[in-house]
Amino acid sequence: MINRPRETPYRDELLADGSVHRRYEDGREEWRRREGGTRVRWHDNQGASGTDEQLGGRIIKRRYSDGRVTYGRDIGYGRTVWDRGETLLVNKTSFGGRMGTLLGGLGLVALAVTAAQLPPEELTPEEEEELRQQQQQQAAAQNSSGGGDAGGGDGGDWDSGDGWNSDDDGGWSDDDFG
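Residues numbered from 1 in each chain as written. Predicted model: local features only at pLDDT ≥ 70, side-chain atom pairs only at ≥ 80, totals over all residues. Heavy atoms only, no water.

Novice: Which parts of the structure should I look at to understand the layout of surface pockets?
Specialist: A water-sized probe, rolled over the atoms, reveals where empty space remains. In this structure, the largest pocket encloses a volume near 310 Å³. If you trace the largest pocket, you find 19 residues lining it, with Arg-28, Glu-30, Arg-62, Tyr-64 and Asp-83 closest to the centre. At the level of secondary structure, the elements contributing two or more residues to the lining of the largest pocket comprise strand E2 (6–14), strand E4 (29–34), strand E5 (39–44), strand E7 (59–64) and strand E10 (87–91). (1 Å grid on protein atoms, 1.4 Å probe; cavity = no way out; pocket = protein on both sides within 12 Å on 5 of 7 lines; lining within 4 Å. Points joined across faces, edges and corners; volume = space filled by probe spheres on them. Helix = DSSP H or I, 4+ residues; strand = E, 2+ residues; numbered from the N terminus.)

Novice: How do you make sense of the packing of aromatic side chains when you look at a structure like this?
Specialist: Centre distance and the angle of the planes are the two values used to describe a pair of aromatic rings. Counted according to the given criterion, the structure contains 2 aromatic pairs. Measuring from centroid to centroid gives 5.5 Å for Tyr-10 and Tyr-24, while their planes differ by 55°, and the two rings are tilted. One end of the pair, Tyr-10, is in strand E2; the other, Tyr-24, is in strand E3 (residues 20–24), with 14 residues separating them in the sequence. With a relative accessible area of 6%, Tyr-24 lands in the buried category. Relative to Tyr-64, the ring of Trp-42 lies with its centre 5.6 Å away and its plane at 85°, an arrangement referred to as edge-to-face. (Phe/Tyr/Trp six-rings, centres within 6.5 Å; stacked < 30°, edge-to-face > 60°. Buried < 20%, exposed > 50% of the residue type's maximum accessible area, 1.4 Å probe, protein only.)

Novice: It is not clear to me how the nonpolar core should be interpreted in this structure. Could you clarify?
Specialist: Nonpolar side chains in soluble globular proteins tend to be buried together. Residues Ile-75, Val-81, Leu-88, Val-90, Val-113 and Leu-118 constitute the largest nonpolar core, which totals 6 residues. Leaving out residues up to four positions away in the same chain, Val-81 has contacts with Tyr-71, Gly-72, Arg-73, Ile-75, Thr-87, Leu-88, Val-113, Gln-117, Leu-118 and Pro-119. (Core = buried A, V, L, I, M, F, W, Y, C linked by side-chain atoms within 4.5 Å. Contact = heavy atoms within 4.5 Å.)

Novice: Whenever I open this one, the pattern of salt bridges confuses me. Can you help?
Specialist: Note on pairing: side chains with opposite charge can pair once their charged atoms come close. All chains considered together, the criterion is met by 17 salt bridges. The shortest N-O distance in the salt bridge between Asp-12 and Arg-22 comes to 2.7 Å. Residue Asp-12 is located in strand E2, and its partner Arg-22 is located in strand E3; the two are separated by 10 residues in the primary sequence. Accessibility assignment for this pair places Asp-12 and Arg-22 in one class, buried. Of the charged contacts, one joins Glu-30 and Arg-62 as a salt bridge, the two residues approaching to 3.2 Å between their closest N and O atoms. With Glu-30 in strand E4 and Arg-62 in strand E7, this residue pair connects regions lying 32 residues apart in the sequence. Take Glu-30 and Arg-62: they sit in the same class, and that class is buried. (Salt bridge = Lys/Arg side-chain N within 4 Å of Asp/Glu carboxyl O.)

Novice: Please explain the environment of Arg-63 as it appears in this structure.
Specialist: The residue Arg-63 is located in strand E7 in this model. Exposure remark for Arg-63: the relative accessible area of 37% places this residue in the partly exposed category. Non-local contacts of Arg-63, meaning those with residues more than four positions away in its chain, are made with Ser-49, Gly-50, Thr-51, Arg-68 and Val-69.

This is how it looks when you write it as structure tokens:
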């Protein structure tokens, strides 16, 4: 099964207080702040808020303040699939996002999303915990090998030593969990 999701590009701006202002090309805006190594607290210009949590397997859990939960998956090159494959967020800020756009424009990266790239529709608490453990193991392996990649991504700006680091293209893809 191949799905052609609605693509929504965005750009991140690092603010003086260490938070990030994310501007989507569709007019939405989010303000994001790290809350520990695997969580980002956010609120947007449409009244929504919540947290994004990086799980293992490149899965991202988004919990809204009203209790709703949805999952996304980082599929590389600054691209994250959400909404059961209906939305593809593309980070135009990171090297990965620009590279994904360039390669896609050349026809070298399929812009379609395969079933294997879709995020899960739901996870049990046990499955989430297993993915958290997997993420911790990945981060520990990266740190012990000298890599600064806090999440196995390919083009973000997160450095686990000091928070946001806009000079580091080797960190978590999409800077703060797509």
